[in-house]
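Reading the structure
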Amino acid sequence: MSAPPPGPALIAVRGLVRVYRSGDVDLRALDGVDLEIHEGEFVAIMGTSGSGKSTLLTLLGGLDRATSGTYHLAGEDVTTLSKNRLAAVRNKLIGFVFQSFHLLARTSAVENVELPLIYAGVRAAERRKRALAALEQVGLSGRAHHTPAQLSGGQQQRVAIARALVNGPRLLLADEPTGNLDSRTSLEVMALLQGLHRAGHTVVLVTHEHDIAAHASRVIVMKDGKIVKDEVQEPVQAVVPP
Amino acid sequence: MNLRETIRVAVRALGRNKTRAFLTALGVIIGVASVISMVAIGEGAKAQVEQAFASMGSNLLVVRSGSSSSGGHRGGAGSLPTLKWDDLRAIADPSQVPAAKHVAVELRASGTIQSEDANWQTTIYGTSPEYFVIKDWDPVSGTLFGRSDVDGGRKVVVLGQTVAKELFGLSDPVGSIVRIKGVPFEVGAVLEAKGQSAMGNDVDDAAIIPSSTFQARIQAGLAPYVNGTIYVGAGSPEGVSRAEKQIDALLRDRHRIGQGEEADFTIRNLTEMAAASQQGTATLTSLLAAIAAVSLLVGGIGIMNIMLVSVTERTREIGLRMAVGARPRDVLLQFLVEAIVLSFGGGAVGVMLGVFGAWRLSASFGWPMLIQPRVVLMSVGTSALVGVVFGLYPAWKASRLDPITALRTE
């Protein structure tokens, strides 16, 4: 294992355990994970299905709670927060990108991007301005008033990335962001994430594809709810073929 | 997230499924509309009854002779004359019955009345001028007969609207000569229209002559007894019950009947009858309102049903909203406001429909249109309340969802 890059620790996880109860059987999806991720890193978490990688990302995103262990995000202990405080953390510190995009149907791209700002209490005019800026950042300024049904898969995922970015989060999480895309649009999305990384964003993504993980600068491999490998690597630049 | 934003989001969410929103609101629309029109019907009926009693005169006592009794067959009130003209004079004497403001006798007989070219079977009344005061009955043309006409036994007649129309059509009969049972009478006045009595009789089908003339020309004999009814006007509801006690005491004294013994006369209090009848229509109104309220309740259950379906359908949306920062109370408020918008909007449409329905009904029944702002406000308030009550459970269910479970729901 290599030493982590310098900088303040954004994520600090100690002894994280997540047990799912199904019937009489306890399933230990996470079985004691220790992890530190620093500001400005681009981390790919790999593993087979059932390795616990998605569970870990869900916990990092504040969408679920650990059975035991601690999780500090930007110095704050997230494990003990109330539901309302946790919602505020998701709103302000975290941007989440899902495999299936999760855009609101029959709602324009710009309104989808505005969603986090509504819950942040941003006024309508300011909201619209920031949402349009985020769409421009992902190269979709011309599609602001299209509904998801009028957009391609790649475009939909870029709208979702714009939504994750719009409230200026400290951490960008992506759960199999290319899982529903073909290889070309996958490359587009990865190029976008690399660009965001270069611009200073901290990106953590989950994937089971080596090609995708190759674009990250650090790769964590999980198996049976434990981290089995954690390496820094030279990222492969994602170049979209002409 | 502020309230305006919440309402905007709720309206948009409902707009995505317009047919469903409309059908859901329809329950409340019908509920509110029926509350308003049913209460308007009840109030209209009440006003109708009040008007009918007012046509008989208000604050009124009716004194009649006792019943005859022969071989077990009892003839009913007034069938045996027991009241004498002296009794009448005693009741009319302010020193003996101070609470009686106006006293008038009413003798009645059925008879045919003829003009030059028409005849009409009607009721002939013999009375005194106080009668018109007690009944609050004014002439539309001519002058009513006075005390001197009664004392002089003059042959003058005052016609009700119906009789005047049947005999003279549209022309003014004042000054014309009519014959009652062959005796010529001069028409002194025509009375204003009163419409139906509480019993459904046409009050305007009447020819009214002085009581002395009635005794001499229409009925023969029984001179010492009043073969009719005595009306006593008391001026106020309290005066009515005072007058009732005073007359009862006076007549028992004059007829030598002890307290507790069966009297040979009856005193009826029309104010009490009117009150009882009004209570009846008030009960009717409450009954109609209760039935309508049940339909409002059913409308509320419809809203709850659809909101539960909506929460289930939109579980992923709820999960996403939570993932990007919606707090449980934001989700609760969103679905609650959606339910309230549905029910309140339905309530507003229901008010319009109810007012229209009440207007149509009052037009077809010929009643005054009675829509009380209180009822309108109450039903709109109730519909909003229905939204809160029936929207709360689905909204609470939505707010309790776990974000990641909600997101992964298919």
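Computed from a prediction, not measured in an experiment: that's the story for all the values here. (Residues numbered from 1 in each chain as written. Chains lettered and ligands numbered in written order. Predicted model: local features only at pLDDT ≥ 70, side-chain atom pairs only at ≥ 80, totals over all residues. Heavy atoms only, no water.)

**Some remarks on the overall build of chain B**
Broken down by element type, chain B carries 13 helices and 12 strands. Taking 410 residues into account, the globule formula puts the C-alpha radius of gyration at 22 Å, and chain B, at 33 Å, lies well above it. For chain B, the proportion of its 410 residues judged to be buried stands at 47%. A total accessible area of about 19400 Å² is found for chain B, and carbon and sulfur atoms account for 58% of it. Measuring between centres, the 38 positive side-chain charges of chain B sit 11 Å from its 35 negative side-chain charges. (Helix = DSSP H or I, 4+ residues; strand = E, 2+ residues; numbered from the N terminus. Rg over C-alpha atoms; globule rule 2.2 N^0.38 Å. Buried < 20%, exposed > 50% of the residue type's maximum accessible area, 1.4 Å probe, protein only. Areas by Shrake-Rupley, 256 points an atom, 1.4 Å probe, with all protein chains shown as cover. Lys, Arg positive; Asp, Glu negative; His and termini not counted. Charge placed at Lys NZ, Arg CZ, Asp CG, Glu CD.)

**As for the interface of chain A and chain B**
Contacts between chain A and chain B engage 22 residues on the former and 24 residues on the latter. Between chain A and chain B the total buried area reaches about 2300 Å² when both faces are included, carbon and sulfur atoms providing 55% of it. Interface area lost by chain A to chain B is led by Leu63(A), His102(A) and Tyr119(A), which between them contribute 29%. Counting every contact that joins chain A to chain B gives 2 salt bridges. (Contact = heavy atoms within 4.5 Å. Buried area = accessible area lost by both parts, 1.4 Å probe. Salt bridge = Lys/Arg side-chain N within 4 Å of Asp/Glu carboxyl O.)

**Quick word on helix 6 (residues 161–168) of chain B**
Residue and element names in this part refer to chain B. With respect to burial, helix 6 is a largely interior element, 6 of its 8 residues being buried. When helix 6 is considered as a whole, its buried residues turn out to be Gln161, Thr162, Val163, Ala164, Leu167 and Phe168. Just past helix 6, the residue Gly169 takes up positive phi, approximately 65°.

**Some points on the packing of aromatic side chains**
Residues and elements named next belong to chain B. This structure, assessed with the given rule, holds 6 aromatic pairs over all chains. An angle of 75° between the planes, with centres 6.0 Å apart, marks the rings of Tyr131 and Tyr231 as edge-to-face. Of this pair, Tyr131 sits in helix 4 (residues 130–134) while Tyr231 is found in strand 11 (residues 229–233), placing the two residues 100 residues apart along the sequence. Both residues of the pair, Tyr131 and Tyr231, count as buried. One aromatic cluster is present, formed by Tyr131, Phe132, Phe145 and Tyr231 through successive ring pairs. (Phe/Tyr/Trp six-rings, centres within 6.5 Å; stacked < 30°, edge-to-face > 60°.)

**Quick word on the pattern of salt bridges**
The full count for this structure, using the stated rule, is 29 salt bridges over all chains. Residue Arg170(A) is joined to Glu39(A) by a salt bridge in which the shortest nitrogen-to-oxygen separation is 3.1 Å. Here Arg170(A), found in the loop between helix 5 (153–165) and strand 7 (171–175), pairs with Glu39(A), found in the loop between strand 2 (25–38) and strand 3 (42–47); they are 131 residues apart in sequence, far enough to count as distant. Note on Arg170(A): relative accessible area 38%, which makes it partly exposed. Given a relative accessible area of 30%, Glu39(A) falls into the partly exposed group. In the salt-bridge network here, residues are joined through shared partners; they are Glu114(A), Arg127(A), Arg128(A), Glu5(B) and Arg8(B).

**Re the environment of Gly95(A)**
All names here are of chain A. Here Gly95 is to be found in strand 6 (residues 94–97). As for Gly95 and Ile161, which are separated by 66 residues in sequence, their C-alpha atoms are 8.0 Å apart. Not counting chain neighbours up to four residues away, the residues in contact with Gly95 comprise Ala164, Pro169, Leu171, Leu172 and Leu173.

**With respect to the environment of Ser379(B)**
All names here are of chain B. Residue placement: Ser379 occurs in helix 12 (residues 373–399). Residue Ser379 is classed as buried on the basis of its relative accessible area of 3%. In sequence terms Ser379 and Arg400 are 21 residues apart; their C-alpha atoms lie 31 Å from each other. Residue contacts for Ser379: discarding those within four places in its chain leaves Val32, Val35 and Ile36. Of the polar contacts made by the side chain of Ser379, one reaches the backbone oxygen of Val376; its length is 3.1 Å. (Polar contact = N/O pair within 3.5 Å; in protein donor to acceptor, adjacent residues only side chain to side chain.)

**Looking at the domain arrangement of chain B**
Assigned domains of chain B: these are domain 1 (3–52 + 276–408) and domain 2 (104–232). Summarising the inter-unit geometry, the C-alpha centres of domain 1 of chain B and domain 2 of chain B are found 57 Å apart. (Domains from an automatic or database assignment.)

**Considering the sheet that holds strand 3 of chain A**
Residue and element names in this part refer to chain A. Reading across from one edge, 6-7-8-3-9-10 is the order of the 6 strands in this open sheet, with mixed pairing throughout. Unpaired on one side and paired on the other, strand 6 and strand 10 (226–232) mark the two borders of the sheet. Taking each pair of neighbouring strands and ignoring which way they run, the sheet shows an average axis angle of 15°. The sheet contact formed by strand 6 and strand 7 spans 4 bridges and is parallel. Each bridged residue has a counterpart across the sheet, and for Val97 the counterpart in strand 7 is Ala174. Against the sheet, helix 5 touches strand 6 and strand 7, its axis set at about 170° to strand 6. (Pairing = 2+ DSSP bridges. Axes fitted to C-alpha atoms, helices over the stretch in contact; angles between N-to-C directions.)

**A short note on the nonpolar core**
In this structure, Ile11(A), Leu56(A) and Leu73(A) are the most contacted members of the largest nonpolar core, which totals 70 residues. Apart from the residues within four sequence positions on either side, Ile11(A) is in contact with Leu35(A), Glu36(A), Ile37(A), Leu60(A), Tyr71(A), His72(A), Leu73(A) and Leu171(A). In this structure, Leu107(B), Val157(B), Phe185(B) and Val226(B) belong to the second largest nonpolar core, which totals 43 residues. (Core = buried A, V, L, I, M, F, W, Y, C linked by side-chain atoms within 4.5 Å.)

**Section: the sheet that holds strand 2 of chain A**
Residues and elements named next belong to chain A. What the 4 strands build is an open sheet, ordered 2-1-4-5; its pairing is antiparallel. A single partner strand is all that each edge strand has here, and the edge strands are strand 2 and strand 5 (76–77). Bridge count between strand 4 (residues 68–73) and strand 5: 2 bridges; the pairing is antiparallel. The residue bridging His72 from the neighbouring strand is Asp77, located in strand 5.

**Let's talk about the pairing of strand 5 (residues 119–127) of chain B**
Residues and elements named next belong to chain B. With 8 bridges connecting them, strand 4 (residues 102–114) and strand 5 associate as antiparallel partners. Bridge assignment links Thr112 to a residue of strand 5, and that residue is Gln121. Here strand 4 folds back onto strand 5 in antiparallel fashion, the turn holding 4 residues. Of the strand pairs in this sheet, strand 5 and strand 10 (residues 206–210) are connected by 5 bridges, and their pairing is parallel. Looking at the pairing, Thr123 lines up with Ala206 of strand 10.

**Structural notes on unusual backbone geometry**
Residue and element names in this part refer to chain A. The backbone of Asp224 shows a phi angle near 50°, a positive value even though the residue is not glycine. Structurally, Asp224 can be placed in the loop between strand 9 (218–223) and strand 10. The exposed category is assigned to Asp224, whose relative accessible area is 57%.

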